[in-house]
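So the chains spell out like this:
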Amino acid sequence: MRVKALFFLVVVLVVCGCSRSQPSAEEMKALAALQRVQGGIEANPSVAGFTRLLGQAESELTLLKQNPKTNPCFLNALEKGYASCQIAGKALQKKLETQDPVRKQDFDMALTFSTAFAAISIQRAAECYAK
């Protein structure tokens, strides 16, 4: 009887410990870094300023990947958002480099789509804990 009670207690503790209802502090830092990148895109930053924000987000994601307790749903959504921000950064750089108005418009469209997908990914990360 004692063994069954002890086993039940261990199972409850493991299940409760593994299913957090809120993001950890590290997850929140990574999310905030990615939100700053997204905000930077929308504010029409310089390429250098955007690259700095992207580097900060990459550092936070790297730390998050090393933590085995990171929610896989959350990490996956942030990685997709980060990839979208990278594409947006490349589009921003090309847009600023080109003189052709038609190409500028193409890069503007790529920037818009990438920014929108990053926003969706950030929202999905937040929803990982709403379930």
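See above for the structure.
Fair warning: this is a prediction, and the values are worked out from it, not measured in the lab.

Asks: What's the story with the overall build of the protein chain in this structure? I'm lost.
Replies: Of regular secondary structure, the protein chain possesses five helices and zero strands. Its helices and strands taken in sequence order, the protein chain reads α-α-α-α-α from the N to the C terminus. Of all 131 residues assigned to the protein chain, the portion counted as buried reaches 34%. A fraction of 70% describes how many contacts in the protein chain between residues 6 or more apart in sequence connect residues 24 or more apart. Summed over all atoms, the accessible surface of the protein chain reaches about 8,600 Å², with 62% contributed by carbon and sulfur.

Asks: Would you explain helix H3 (residues 47–66) in this entry?
Replies: Owing to its 3.6 residues per turn, the α-helix aligns residues three or four sequence positions apart on the same side. With 20 residues, H3 extends 29 Å from end C-alpha to end C-alpha; this agrees with the ideal 28 Å at 1.5 Å per step. Of the residues making up H3, those classed as buried are Gly-49, Phe-50, Leu-53, Leu-54, Ala-57, Glu-60, Leu-61 and Leu-64. Buried residues of H3 fall within an arc of 130° about the axis and therefore sit on the same side. In H3, the exposed positions that point more than 90 degrees away from the buried face belong to Ala-48, Arg-52, Leu-63 and Gln-66.

Asks: How do you make sense of the pattern of salt bridges when you look at a structure like this?
Replies: Side chains that differ in charge, positive against negative, can pair when their charged atoms come close. Tallying each qualifying case throughout the model produces three salt bridges. Glu-79 is the partner of Lys-65 in a salt bridge, and the nearest nitrogen-oxygen pair spans 3.4 Å. Linking Lys-65 in helix H3 with Glu-79 in helix H4 (residues 72–97), this pair joins segments that are 14 residues apart in sequence. A salt bridge links Asp-108 to Lys-95; the nearest nitrogen and oxygen atoms lie 2.9 Å apart. Of the two residues, Asp-108 sits in helix H5 (residues 101–127) while Lys-95 sits in helix H4, which places them 13 residues apart along the sequence.

Asks: Help me out: how do you make sense of the nonpolar core in this one?
Replies: The nonpolar side chains of a soluble globular protein tend to be buried with one another. Leu-34, Val-37, Ile-41, Leu-64, Phe-74, Leu-78 and Cys-85 are the most contacted members of the largest nonpolar core, which has 27 residues in total. Every element with two or more residues in this core is listed here: helix H2 (25–42), H3, H4 and H5. By residue number, the principal contributor to this core is H4, which donates nine residues. Residues within four places of Leu-78 in sequence aside, it is in contact with Glu-27, Ala-30, Leu-31, Leu-34, Leu-61, Leu-64 and Ala-125.

Thresholds applied
- Residue indices begin from 1 for each chain and proceed along its sequence in written order.
- Totals for whole chains, interfaces and linings use all residues, but because this is a predicted model, local features are given only for residues with pLDDT of at least 70 and pairs of side-chain atoms are given and counted only at 80 or more.
- The side-chain numbers reported here are obtained from all heavy atoms of the structure, hydrogens and water having been left aside.
- Helix numbering and strand numbering both begin at the N terminus, where a helix is a DSSP run of H or I of at least 4 residues and a strand a DSSP run of E of at least 2.
- With a 1.4 Å probe rolled over the protein chains alone, any residue whose accessible area is under 20% of its type maximum counts as buried; one over 50% counts as exposed, and the rest are partly exposed.
- Residue contacts are counted whenever heavy atoms from the two residues lie within 4.5 Å of one another.
- Accessible surface is estimated by sampling points in the Shrake-Rupley manner with a 1.4 Å probe; for residues, cover comes only from the protein chains shown.
- A helix is expected to span 1.5 Å for every residue after the first.
- Arc definition: it is the arc formed by the directions from the helix axis to the C-beta atoms.
- Every case where a carboxyl oxygen of Asp or Glu lies within 4 Å of a side-chain nitrogen of Lys or Arg is listed as a salt bridge.
- Definition used in this section: a nonpolar core is a set of buried Ala, Val, Leu, Ile, Met, Phe, Trp, Tyr and Cys residues joined via side-chain atoms within 4.5 Å.

Read these as spatial facts, not as claims about activity.
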